[in-house]
Structure formats: C-alpha cells, structure tokens
Amino acid sequence: MVISDDLWVQAAAFVGAGFAVGFGAIGAALGEGYAAGRAGQAISHNPSLSDDIVKTMLIGQAVAESAGIFALVVAMLLVFKDVEGESLLSAFAYLGAGLSMGLAAIGSGVGSGMPAGAACEGVARQPAALSTIRTNMLVGSAVCQTPSVFGMVVAFMLLFIDWADRPFWPTWAALLGAGISTGFSAIGPGLGNGITANEATLGVARQPETSGTLTNTMLIGLTVAQSTVIYGFLVSLILLFIPKPESMAMVAWAAPLSAGICMGLGGIGPGIGEGITAAYAVRRVARDVEQNVLLTRVMLVGQAVSESTGIYSLIVSLLLIFVV
Amino acid sequence: MEIQGADMVRAAALLGAGIAMGLGAIGPGVGEGYAAGKACEAIGRNPKEAGLLTRTMLVGQAVSESTGIYSLVVALLLIFVV
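Keep in mind it's a predicted model, so treat the numbers as computed, not measured.

Chemist: Mind showing me how you'd approach the overall build of chain A here?
Modeler: Across its full length, chain A holds nine helices and zero strands. Reading chain A from its N terminus to its C terminus gives the helix and strand order α-α-α-α-α-α-α-α-α. At 21 Å, chain A has a C-alpha radius of gyration in line with the 20 Å of a compact globule built from 324 residues. With the C-alpha coordinates aligned to their principal axes, the bounding extent of chain A is approximately 70 × 40 × 20 Å. The 324 residues of chain A split such that 65% are buried. Taking the intrachain contacts of chain A between residues at least 6 apart in sequence as the baseline, contacts between residues at least 24 apart amount to 91%.

Chemist: Would you take a moment to explain the overall build of chain B for this structure?
Modeler: Assigned secondary structure in chain B consists of three helices and zero strands. Listing every helix and strand of chain B by position from the N terminus yields α-α-α. Computed over its C-alpha atoms, the radius of gyration of chain B comes to 19 Å, more than 25% above the 12 Å expected for a compact globule of 82 residues. In terms of principal-axis extent, the alpha carbons of chain B reach across some 70 × 20 × 10 Å.

Chemist: For this particular structure, what's the right way to read the packing of helix α9 (residues 292–322) of chain A against helix α1 (residues 5–24) of chain B?
Modeler: A pair of packed helices is captured by two measures, namely the crossing angle of their axes and the spacing between those axes. Remark: α9(A) packs on α1(B), axes separated minimally by 9 Å, with the N-to-C direction vectors making an angle of 165°. As the angle between them shows, α9(A) and α1(B) are arranged roughly antiparallel. Judged by the sense of rotation from one axis to the other, the crossing of α9(A) with α1(B) is left-handed. Within the contact between the two elements, α9(A) uses A:Y312, A:S313, A:V316 and A:L320 and α1(B) uses B:L14, B:A17, B:G18, B:M21 and B:G22. In terms of residue class, the contact of α9(A) with α1(B) is built from six nonpolar, three polar and no charged.

Chemist: Can you walk me through the interface of chain B and chain A in this structure?
Modeler: Interface size is often expressed as the accessible area that is lost when the parts come together. At the junction of the two partners, chain B supplies 43 residues and chain A supplies 49 residues. Among the secondary structure elements, those contributing two or more residues to the side of chain B that touches chain A are α1, α2 (26–45) and α3 (50–81) of chain B. Looking at which element gives the most residues to the side of chain B that touches chain A, the answer is α2(B), with 17 residues. Within the side of chain B that touches chain A, the residues separate by chemical class into 26 nonpolar, eleven polar and six charged.

Chemist: It is not clear to me how helix α2 (residues 50–79) of chain A should be interpreted in this structure. Could you clarify?
Modeler: Because each turn of an α-helix spans 3.6 residues, side chains separated by three or four positions end up pointing in the same direction. Here α2(A) contains 30 residues, and its C-alpha end-to-end distance of 41 Å stays within 8% of the 44 Å for a straight helix at 1.5 Å per residue. A maximum bend of about 30° is found in α2(A) at A:S66.

Chemist: Where do I start with the environment of A:L239 in this structure?
Modeler: With respect to the secondary-structure elements, A:L239 resides in helix α6 (residues 211–241). A C-alpha to C-alpha distance of 9.2 Å links A:L239 and A:L257, two positions 18 residues apart in sequence.

Chemist: How should the environment of A:A304 be read in this particular structure?
Modeler: The residue A:A304 is located in helix α9 in this model. Separated by 79 residues in the primary sequence, A:A304 and A:A225 place their C-alpha atoms 9.7 Å from one another.

Rules used in this analysis
Residues numbered from 1 in each chain as written. Chains lettered and ligands numbered in written order. Predicted model: local features only at pLDDT ≥ 70, side-chain atom pairs only at ≥ 80, totals over all residues. Helix = DSSP H or I, 4+ residues; strand = E, 2+ residues; numbered from the N terminus. Rg over C-alpha atoms; globule rule 2.2 N^0.38 Å. Buried ≥ 20, exposed ≤ 12 C-beta atoms within 10 Å, placed from the backbone. Contact = placed C-beta atoms within 7 Å. Axes fitted to C-alpha atoms, helices over the stretch in contact; angles between N-to-C directions. Parallel < 35°, antiparallel > 145°, perpendicular 65-115°, else oblique. Left-handed = near helix turned anticlockwise from the far one by under 90°. Nonpolar A, V, L, I, M, F, W, Y, C, P; charged D, E, K, R; others polar. Expected span 1.5 Å × (residues − 1). Bend = angle between axes of the 7 residues up to and from the residue.

The following block contains the structure:
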C-alpha cells in the first residue's frame, strides 16, 4: 500500500491539532480550577462579599482561559487546513506547531490562575482595595500569558510559511525542534510568573497603599523570569530561518532536533526558580516597603545565578546548531 | 538509504547531549531560585545581616549548581570528544 504525501500531511495536521488543544487544555483548566477553589475558600471566610469575589474570580479565569483559547485556535486551523499538494515537510511543520502551542499553554494557564486565586482571597480580606487588587492581578496574569503568546507565534510561523523549497533532509528536524524549543521552554516562565504574581497580589491585599512599589518589584522579577522562554524563542527562530544544506546523514538531523530538546527542557527550571525568588522578594517588600531597593538587588543576584543553567542550555543548543 | 554505524553513533551522541543538558538544567534552576527566594525572605527579616546572608546564598547556590555543570560537561564531552 502506498500512502501519498497529502495523506501523511493530513494525518500530521490532525495529530498536531490533538497536541495543541490536548496539552493546552491542561494548563488553563488547572489554573481556573485553582482560582475557583480559592474563591470558594474566600467566600467561606466572608460570605457577604460573595458577589465581588465571584466577579474577581471570573475576570481572573477569563485571563487564564486565553492560553486555552490560543491552543483551540491553533487546533482549529490545523483541523481545517487545506493540505492538497503540500510537501511532506508540512507534516513536520504541523506537528511542531501543535507541540509549540500546546506545551506553551500549560505554564501560562496554571500561572495565570494563581494571581486570580490570590485576588479572591485578597478581596475577602480587604474589600476596600478591590480595584487595586484586581489591577495587580490583571497585570500579573497578563504577563503570565506572554510565554503562550511566544508559543502561538512559533505555531503560526510553522503553519503559514511555505517550507516546500527547503530540502526534506534535514529540515524536518529543524521544524520539529523549533516547536519543541519554544513549547517546553515556555512552561517554566509561565509557572514561575504565576508564583510571583500570586505573592504580589496577596501583598497588595495586605497593604494596598504600597501597590505601586509592589507592582514594580513584581514586574522586574517577572521580566527576568521570562528570559528562558526568550532563549527558547531565539533557538526556534534560528532553527526556522537559517537553512541547512541537504544531507542524508543522521548527524545532520540529530543536531537540530537535539538543540530544540536541549533549550526547551533547559528553560523549564530557571523559569520556575526565578519566579520563586521573585515571589519571596515581593512578599518581604509587601511587609516592609522600605527594603525595596535592598531586596530587589538580592533578588536580581539570586535570579542571575539561577539563570546560569538556562544559559548553559542555550550554549549547548547553539553549539549543536552551528558547530557540529 | 544505508545507515552507517559511525554516523548513527554520532547522531545518538548529539541527541544524548541535548537531553543531558536540557533535563540537567531543570533541577539547579528551581533549586537555586528557591535558595535565592529564602535568602530574600531572611534579608527582609534581618537586613543588618544582608552581607552574610547573600554570601550564604551564593555558597548554597554554587553547590546546587554542580549538577548543572556535570550536565554541561557531559554534553560537551558527547559533542566534542566522543
């Protein structure tokens, strides 16, 4: 039995759609469930405020949902993609698109749920600061979404750029590697940002008058924690847009695939770790705002050390792409 | 397509390098971040000891870094030596 290229591409598009919405649904669902759980707890402490708490929960859940919606959009595009006349390379581009979007949505979904839960708790404790709490929650959970946006951008590039003029060997591995790199490396920063935004939102609820300083410290911490997904995105761009000459050797495809796996997995740990660092720093700033400068400095030193393994991964990836 | 033995071994070594460094980076990243977070908390409680606490944090992180460096060494060996 001979199966035409079209059919392989169609099959890969369907599997890619499954990856996208399957992985993508994990994060948003967990995050929203977590927010709902804490909202319930908050209502049990202060039932008279249930309206405000439920509204806060719904706003927070809507932001957490967006990662799932991105994944759904990519899955829909893959399901209804017209594959007639596509080259076999498109099959790997579609698998990569599904992995990139699906994996990237996990961290963002869970992460965005955390500040939403914290905001519900905060509203129950400090109803007067409702709008300040909600603002901080929205800033934090919006930043949590950026890793999934990186995943979506890579998925769109894989979906809509015509790869047919590239040689099949070894380009297929570069396309798959590009999806894996951004997809996995987005998990860590998404989760880490959520941990930080959670503490910042609780801090604003504790001392609403310090919200400006707290939001600033939070944003500095979040930005540093984002860095590994940016490395992952960078490796994806290099894999996608620096073409390699045709080669049937196994080394030629093992290197780009391995580069994607290396940077992807390597981005998870530092993203989470730097988020934890920023969370403790923000928590202490919320108790004593005077120590803001000292704590920001210590936080940045600690995050820089925690970043090192992410940088090792980037170096090994670049070696695999350019030196081997 | 005929697969050459040496080519296959080299390809496996490259894949191994990526997996080694990728997975190896997870633990130190989280661990060092936690150490730094706790140091921030401790300095927040007792700012006078900031110097001592920062030093302790860096020593702890350096030890926690070691497995990341092992991964890096193994990855580089797999790429350049094997």
